[in-house]
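Chain and residue survey
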Amino acid sequence: MCGTRKRPAPLSLLGASLLTLAALLAAPAAEARAKAGRSASRTAAAVTVDYDIALAGLTIGNAQVAGAFEGSGYRMDVSARLTGLAGVVTGGMGSARSSGAIAAAPQPNTFAIATKTTNSGIAVRMALARGTVTQAEITPPLIDMGDRVPITPANKRGVIDPASALMMPVQGRADPMDPANCNRTLPIFDGATRFDVVLSYGETRSVAKPGYNGPVLVCNARYTPIAGHRPDRPGVKFMEDNREMSVWLAPVEGTRVLLPVRIAVRTTVGTNIIEATRWTQTGGQQGSTTASAPGTPVTQASLAQ
């Protein structure tokens, strides 16, 4: 978030926008509710993933990502908070929420994010229809320094928000662990910047976490700025050239959705790692790899610079 005022930054969530998660939020937990009139066969599923956030080997905060899925609908709640010395110095925290429908890619209807530090805060609200931003509001407004790549109406079409980008639908009829599920481009608009996160398959490995024990897809990630960014900023150039970014994806049982178990992004001050410490699922068809345990859904994702 910068501008003269802070703003949601590109590729954060970890060091920069989606794959970094360094813009931290504290979001309310969301409950998955069955909608009236739906048939019993359409089972709702909810998953909550707790994360630790580390930078250069030191734990600096925690986060939570919660997803609620029913039929073709979804809701994501994200929260993050800096702790320890980092929390005392910056007071960093934030929360985000998005909702919409699941198709070949998420189709969000609404997105809101609020972040706060000791010295400042920012809030973004967006409304979307079939991938097109119909309304966007940033408070306080960004100050135009004259060095940003202009955002055009075309930049606001065919996009998803950062919170929805954490939820990756399984491609077509593929198995969740098909390597093809890594090969996708996430066209993200955070209200201030438009950028792509390009994923590609790296490997498949197994992980063991409280609540989840099974395979994950390891996807390599690249950041491509499109608009709204300041191209001469060293941080933007660093992220463009960054080859050390990855996200590990695990399937949510009873759905056709994958969520991050680990996100790693090299930054100028060390590697930023957001790693799951607990995976809690309710509803849906429980499988052998995901343990069932009561819990409320919550999501973690962030934008900050």
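Refer to the structure above for everything that follows.
Now for a quick tour of the structure.

Throughout the structure, instances matching the rule amount to one disulfide. Two residues share a disulfide in this structure: Cys182 and Cys219, whose sulfurs sit 2.0 Å from each other. On the S-S bond that ties Cys182 to Cys219, the torsion sits near -80°, and the link is left-handed. Of this pair, Cys182 sits in the loop between strand S8 (168-169) and strand S9 (184-189) while Cys219 sits in strand S11 (residues 212-227); the two residues are 37 residues apart in sequence, bridging distant segments of the chain.

Right, let's get into the environment of Gly172. If you trace the backbone, Gly172 turns up in the loop between S8 and S9. A relative accessible area of 63% places Gly172 in the exposed class. Once the C-alpha coordinates of Gly172 and Ala103 are considered, the two residues, 69 residues apart in sequence, prove to be 9.5 Å apart.

Take the nonpolar core next. Nonpolar side chains tend to gather and get buried jointly when the protein is soluble and globular. Core analysis: the biggest nonpolar cluster contains 64 residues, and Phe69, Met76, Leu186, Leu199, Leu259 and Trp279 have the highest contact counts within it. Residue contacts for Leu199: discarding those within four places in its chain leaves Met168, Cys182, Asn183, Arg184, Leu186, Cys219, Asn220, Ala221 and Val247.

Let us look at the pairing of strand S6 (residues 121-129). Residues of S6 alternate between two faces, with Ile122, Val124, Met126 and Leu128 buried on one and Gly121, Ala123, Arg125, Ala127 and Ala129 left unburied on the opposite face. Pairing geometry for strand S5 (residues 106-116) and S6, over seven bridges, is antiparallel. Bridging across to S6, Ile113 finds its partner in Val124. Linking S5 back to S6 in an antiparallel pair, the connection comprises four residues. The pairing of S6 with strand S7 (residues 132-139) spans seven bridges and is antiparallel. The residue bridging Val124 from the neighbouring strand is Ile138, located in S7.

Here the focus is the pairing of strand S2 (residues 58-70). A regular strand places its side chains on the two faces of the sheet in alternate fashion. Here strand S1 (residues 45-55) runs beside S2; their pairing, made up of eleven bridges, is antiparallel. Residue Leu55 lies in a different strand from S2, and its bridge partner there is Leu58. Hairpin connection from S2 to strand S3 (residues 73-82): two residues lie between these consecutive antiparallel strands, with Gly71 at a positive phi of about 60°.

For the rest of this paragraph, the subject is the environment of Val261. Along the chain, Val261 turns up in strand S13 (residues 257-267). Apart from the residues lying within four places of it in its own chain, the contact partners of Val261 are Tyr51, Lys209, Val216, Trp248, Ala250, Ile274, Glu275, Ala276 and Trp279.

All told, the structure shown has eight salt bridges when counted by the stated rule. One salt bridge connects Lys209 with Glu275, and the closest N-O pair in it is separated by 3.0 Å. With Lys209 in strand S10 (residues 194-209) and Glu275 in strand S14 (residues 270-283), this residue pair connects regions lying 66 residues apart in the sequence. Here Glu244 and Arg266 are joined by a salt bridge, their closest N and O atoms 3.3 Å apart. Residue Glu244 is located in the loop between helix H2 (234-241) and strand S12 (245-251), and its partner Arg266 is located in strand S13; the two are separated by 22 residues in the primary sequence. Take Arg266: its relative accessible area is 28%, and that puts it in the partly exposed class.

This part takes up unusual backbone geometry. Residues Thr139 and Pro140 are joined by a peptide bond in cis, for which omega reads -5°. For Pro140, the location among the structural elements is in the loop between S7 and S8. Residues other than glycine seldom take positive phi values, yet Ala56 does so here, at roughly 55°. Inspection of the secondary structure assignment puts Ala56 in the loop between S1 and S2. Phi is positive for Arg130, which is not a glycine, with a value near 50°. Relative to the assigned elements, Arg130 resides in the loop between S6 and S7. Given a relative accessible area of 78%, Arg130 falls into the exposed group.

Conventions adopted
Residues numbered from 1 in each chain as written. Predicted model: local features only at pLDDT ≥ 70, side-chain atom pairs only at ≥ 80, totals over all residues. Heavy atoms only, no water. Disulfide = S-S within 2.5 Å. Helix = DSSP H or I, 4+ residues; strand = E, 2+ residues; numbered from the N terminus. Buried < 20%, exposed > 50% of the residue type's maximum accessible area, 1.4 Å probe, protein only. Core = buried A, V, L, I, M, F, W, Y, C linked by side-chain atoms within 4.5 Å. Contact = heavy atoms within 4.5 Å. Pairing = 2+ DSSP bridges. Salt bridge = Lys/Arg side-chain N within 4 Å of Asp/Glu carboxyl O.

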